[in-house]
Each structure stands twice: as structure tokens, then as C-alpha cells.
Amino acid sequence: MEKNNELIETEHPRKSKGVKIEREAYAVAADLILKQIRQEEDATLATLIAEAEKTITTYPNVAWLVFHVKLDLEAKGFIRLMPSRLKKNVFVLRLTSKARQKGKSFDYYQ
């Protein structure tokens, strides 16, 4: 697969500087993250990374990619980090109403 070298700069929830990621890699990771959170009520960063390492084979350092895309989706208001109701000292990811709007397509990297 030929990679698109167009780079986008991510955002960080604490307004610090993000990182630059290839647009195609970002889209693959963002789709995986949002799909996994929709399917699994208590999705954690660890479960997202484990799933990504099984399915994303075209990019090196998948954990780094998933972590930074997750931060960007948080900063843009698509997902939020919350304490788990079931496990102490565990944080889970939830979709926000912005990400749940059905039928509305959105561009993650605007």
C-alpha cells in the first residue's frame, strides 16, 4: 500500500503542541478508535492499543499512533476520558454527542 505523505498536526487536550501524523495513518487509527469505543462500553487505552496492534500492520509504532490520535480526538471533542464505574483507578473512553450524531459525516482533522 502506498502511503500518503501529507502530514497533519494533531491537537492536545491540554492545549500543548501536538505531533505531526500522516493523514492516512490518522484516519485509519481514528476509525479504529471510534469503532472500538462504540462496540465496547469500557474501552481503555490498553484495549485500543491491543486491537490496533492486531489490525493495523502497515504503520510502525502503532501504540504511539493510537495514543496521539486518541489525544487529538479528545481535544476535538469526539471522545472523553472518564473514571470506570466498575473498576477502581481505571479510566475508560466514551463517545461524546458530537461523535454520536448519526448520518453526519465529519472530518477528524479540521
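Residues numbered from 1 in each chain as written. Predicted model: local features only at pLDDT ≥ 70, side-chain atom pairs only at ≥ 80, totals over all residues. Heavy atoms only, no water.

S.K.: I'm lost on the pattern of salt bridges in this one. Help?
M.R.: Pairing between side chains becomes possible if they bear opposite charge and their charged atoms approach one another. Throughout the structure, instances matching the rule amount to four salt bridges. E51 is the salt-bridge partner of K54, the closest N and O atoms lying 3.7 Å from each other. Within this pair, K54 and its partner E51 are both found in helix α2 (residues 45-55), separated by three residues, close to a single helical turn. You can call K54 exposed: its relative accessible area is 62%. With its nearest N and O atoms 2.9 Å apart, the salt bridge here joins D72 to K76. Given the relative accessible area of 12%, K76 is considered buried. (Salt bridge = Lys/Arg side-chain N within 4 Å of Asp/Glu carboxyl O. Helix = DSSP H or I, 4+ residues; strand = E, 2+ residues; numbered from the N terminus. Buried < 20%, exposed > 50% of the residue type's maximum accessible area, 1.4 Å probe, protein only.)

S.K.: How do you make sense of the packing of helix α1 (residues 23-39) against α2 when you look at a structure like this?
M.R.: For any two helices packed against each other, the geometry comes down to the angle between their axes and how far apart the axes lie. Relative to each other, α1 and α2 sit at 125 degrees, their axes nearing to 10 Å. Classified by the angle between their axes, α1 and α2 sit oblique to one another. Once α1 is placed against α2, the crossing between them reads as right-handed. Residues L32, I33, Q36 and I37 of α1 lie in contact with α2, whose contacting residues are L48, E51, A52 and T55. (Axes fitted to C-alpha atoms, helices over the stretch in contact; angles between N-to-C directions. Parallel < 35°, antiparallel > 145°, perpendicular 65-115°, else oblique. Left-handed = near helix turned anticlockwise from the far one by under 90°. Contact = heavy atoms within 4.5 Å.)

S.K.: Please explain the nonpolar core as it appears in this structure.
M.R.: In a soluble, globular protein the nonpolar side chains are often hidden away together inside. Counting residues in hydrophobic clusters, the biggest one holds 26 residues, and the most contacted among them are I33, I37, V69, L73 and I79. Mapped onto this core, the elements with two or more residues apiece are α1, α2, α3 (62-75) and β4 (91-95). (Core = buried A, V, L, I, M, F, W, Y, C linked by side-chain atoms within 4.5 Å.)

S.K.: I'm lost on the environment of A52 in this one. Help?
M.R.: Relative to the helices and strands, A52 is located in helix α2. Classification of A52 as buried rests on a relative accessible area of 0%. Residues A52 and I33 lie 19 residues apart in sequence; the distance between their C-alpha atoms is 8.4 Å.

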